[in-house]
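If you want the building blocks of each chain, they are given just below.
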Amino acid sequence: MNAAVIVFPGSNCDRDLATAFELVTGKPTAMVWHQDTALPDGLDVIGVPGGFSYGDYLRSGAMAARSPIMRAVAEAAAKGRMVLGVCNGFQVLTEAGLLPGALLRNEGIRFVGRDVALTVANSQTAFTSRYYADEGVTFPVAHHDGRFTADLETLDRLEGEGRVALRYAEAVNGSERQIAGIVNDASNVIGMMPHPERAVEDAHGRTDGLRLFEGLLAAT
Ligand SMILES: NC(=O)CC[C@H](N)C(=O)O
């Protein structure tokens with residue numbers, strides 16, 4: 001599996017995500033600067049990392065979504081390449097129109113940075129295939145704009161089509177229907193506010209995130 005991670009000014013989880021890919025691929029992850037216009041050849045998966053791209057100015061992810069490289073990311077997604085957006089990466093993917101909905105300021109206004117309990121709502125996607133249906137997992141979150149919202153029709157469609165991949169199992173940020181992660185209609189693009197890449201080795205205190213990367217490896 002060949003992986004790349006996009007780096008924006010203000011990304012701060014890019015190396016964590018690259019390392020998580022490397023744990024399962026055994027080879028270097030390509031780091032792609034946001035001003036580049038092309039992705040490396042032969043990529044299987046593109047990571048859009050967490051952080052504070054452009055200092056979260058305007059809206060979290062709004063400016064990064066308009067970076068030159070995002071046109072290439074959209075083209076790769078349309079061709080079926082896997083795209084994994086984590087936290088700010090999820091915000092970027094919604095702002096870029098690759099995923100529906102939006103991430104609003106957390107209920108209660110505060111930044112939330114802690115481990116949270118999650119449920120794997122769909123274990124049939126390429127990203128979640130190594131988890132059991134309705135399995136409970138714990139990943140860290142670290143965000144102030146994590147409250148997922150969409151219009152009612154979109155929420156019903158996401159539920160009806162099994163596109164809610166992860167759900168909060170506790171109150172975290174006021175997201176509609178406790179949605180923590182969703183996939184696109186083709187199921188090759190996922191966005192999630194929790195950080196699986198921060199739960200892949202013993203030094204992290206837990207390894208619940210590792211199976212997400214192993215599932216990706218198996219799917220490519
Ligand atoms: N950890 C992150 O990616 C943070 C995302 C975003 N800047 C927020 O706070 O909502």
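In this report, we go over the structure that sits alongside the text. Not measured: the values here are computed from a predicted model. (Residues numbered from 1 in each chain as written. Predicted model: local features only at pLDDT ≥ 70, side-chain atom pairs only at ≥ 80, totals over all residues.)

**Concerning the site of the ligand**
- As a structural note, the neighbourhood of the ligand is formed by Gly50, Gly51, Phe52, Asp56, Ser60, Cys87, Asn88, Ala142, His143, His144, Asp145 and Gly146.
- A class-by-class count of the residues in the shell around the ligand yields 3 nonpolar, 7 polar and 2 charged. (Near = placed C-beta within 6 Å. Nonpolar A, V, L, I, M, F, W, Y, C, P; charged D, E, K, R; others polar.)

**What about the sheet that holds strand S7 (residues 136-143)?**
- Sheet architecture is open: 9 strands sit in the order S2-S1-S3-S4-S11-S10-S9-S6-S7, paired in mixed fashion. At either end of the open sheet lies a strand with only one pairing partner, and these are strand S2 (30-33) and S7. Going across the sheet, the axis of each strand differs from the next one's by a mean of 25 degrees, ignoring polarity.
- In terms of strand pairing, strand S1 (residues 3-7) meets strand S3 (residues 45-48) through 3 bridges, oriented parallel. In the sheet register, Ala4 faces S3, and the bridge partner there is Ile46. (Pairing = 2+ DSSP bridges. Helix = DSSP H or I, 4+ residues; strand = E, 2+ residues; numbered from the N terminus. Axes fitted to C-alpha atoms, helices over the stretch in contact; angles between N-to-C directions.)

**Side note on the packing of helix H1 (residues 14-25) against helix H5 (residues 210-219)**
- Viewed as axis vectors pointing N to C, H1 and H5 meet at an angle of 55 degrees, and their least axial separation amounts to 9 Å. Considering their axes alone, H1 and H5 lie oblique with respect to each other. At the point where H1 passes H5, the crossing takes the right-handed sense. Across the interface between the two elements, Ala20, Phe21, Leu23, Val24 and Thr25 from H1 touch Phe213, Glu214 and Leu217 from H5. (Parallel < 35°, antiparallel > 145°, perpendicular 65-115°, else oblique. Left-handed = near helix turned anticlockwise from the far one by under 90°. Contact = placed C-beta atoms within 7 Å.)

**Quick word on unusual backbone geometry**
- Even without glycine at this site, Leu58 takes up a positive phi of about 75 degrees.
- By the secondary structure assignment, Leu58 is in the loop between S3 and helix H2 (69-78).
- Of the residues examined, Leu58 has 11 C-beta atoms within 10 Å and is grouped as exposed.
- One non-glycine residue, Asp134, lies in the positive phi region at around 60 degrees. (Buried ≥ 20, exposed ≤ 12 C-beta atoms within 10 Å, placed from the backbone.)

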